[in-house]
Amino acid sequence: MKRLSAGYERPVVQNVSFEIKEGQLAAVLGPNGAGKSTLLNAMAGGVRKTQGQVLVNGQDCLPLAPKRRARRLALVRQQIPLLPGVRVAEALEMGRYAWDGPLGAGPGAKAAVAEAARAFGLEELLNADCAALSQGQRQLVHLARAMVQSAPVLLLDEPGSALDFSNTHRLFRLLGQQLAAGGRCAVAVLHDPALALRYCSPVLLLKEGRILERLEPGACTAPQLERALGRLYPGIRVKADKQTGHFLCTAE
């Protein structure tokens, strides 16, 4: 992103610039109202831009037609409805719309759907009605659909919000495995700093629509992270677990 400003009646995201490399899972942290979801929507071209660029492999995606933009950026919002009567396999095939159009899946669609279903544990649910799924299962369907979309950039708005504790960590491990395979990077809006410190790098701190700081958790000490995160969360305490090395966060 280069100097992106976007919003509604007035800019919510202001002069934001950052770069994410292939294989990285970046987190955007910030308090309520900081502009996190607006930032993702602006990257996907769904919010009015006043200035700036969103470049994928050197090409600015914002001037592109929506279908061409969807080949480069896949956005997974919170609370996306899945209509009764739509099977899981059909929902996953929707990820190929940007490539194959609305009249049917292309030759590579079945393989892409099968691979995404395997990766996210949905193989036994492919014939299930999406309306009969739990909220957590629906969230996995949306994430798998984004993988089927084959865009090099994934934009994830609170991807674990509907998942329980175990499945949240399972999801982030799955995302890490998918990104490690190459060809993609991801930006995830999160509310849990401990989750961001464990699975994401870089971590972008957003406040009032601006990036305050970019953190690389693996290169930081607990006191450094505590000072930085304290700009967003006054009273936060960060400690490193001696056995695992993971950072733990508490609030006072």
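Refer to the structure above for everything that follows.
Quick caveat, the model's predicted, so the values are computed rather than measured.

Criteria and cut-off values
- Residues numbered from 1 in each chain as written.
- Predicted model: local features only at pLDDT ≥ 70, side-chain atom pairs only at ≥ 80, totals over all residues.
- Heavy atoms only, no water.
- Axes fitted to C-alpha atoms, helices over the stretch in contact; angles between N-to-C directions.
- Helix = DSSP H or I, 4+ residues; strand = E, 2+ residues; numbered from the N terminus.
- Parallel < 35°, antiparallel > 145°, perpendicular 65-115°, else oblique.
- Left-handed = near helix turned anticlockwise from the far one by under 90°.
- Contact = heavy atoms within 4.5 Å.
- Nonpolar A, V, L, I, M, F, W, Y, C, P; charged D, E, K, R; others polar.
- Pairing = 2+ DSSP bridges.
- Polar contact = N/O pair within 3.5 Å; in protein donor to acceptor, adjacent residues only side chain to side chain.

(A) Representation of the packing of helix α5 (residues 109-119) against helix α6 (residues 135-148). Where α5 contacts α6, the two axes come as close as 9 Å, and the packing angle between them is 140°. Comparing the axis directions of α5 and α6 gives the class oblique. By crossing handedness, the relation of α5 to α6 is classed as right-handed. Residue-level inspection shows Ala112, Val113 and Ala116 of α5 in contact with α6, the latter providing Ala144, Met147 and Val148. Its residues assigned to classes, the contact of α5 with α6 shows six nonpolar, no polar and no charged.

(B) Representation of the sheet that holds strand β2 (residues 11-16) within the structure. The sheet built from three strands is open, its strands ordered β2-β1-β4 with antiparallel pairing. With partners counted over all chains shown, the strands left at the sheet margins are β2 and β4 (48-53), one partner each. Each adjacent strand pair in this sheet contributes to an overall mean axis angle of 5°, direction not counted. The pairing of strand β1 (residues 2-7) with β4 spans four bridges and is classified as antiparallel. Within the sheet, the bridge partner assigned to Ser5 lies in β4 and is Gln51. Against the sheet, helix α1 (residues 36-43) engages β1 and β2, with an angle of about 70° to β2.

(C) How the structure looks around the side chain of Gln24. Among the secondary structure elements, Gln24 is positioned in the loop between β2 and β3 (25-29). Of note is the side chain of Gln24, whose polar atom sits 2.8 Å from the backbone nitrogen of Lys21. Every residue in contact with Gln24, bar those within four places of it in the chain, is listed here: Leu179, Arg184, Cys185, Ala186, Ser201, Pro202 and Arg214.

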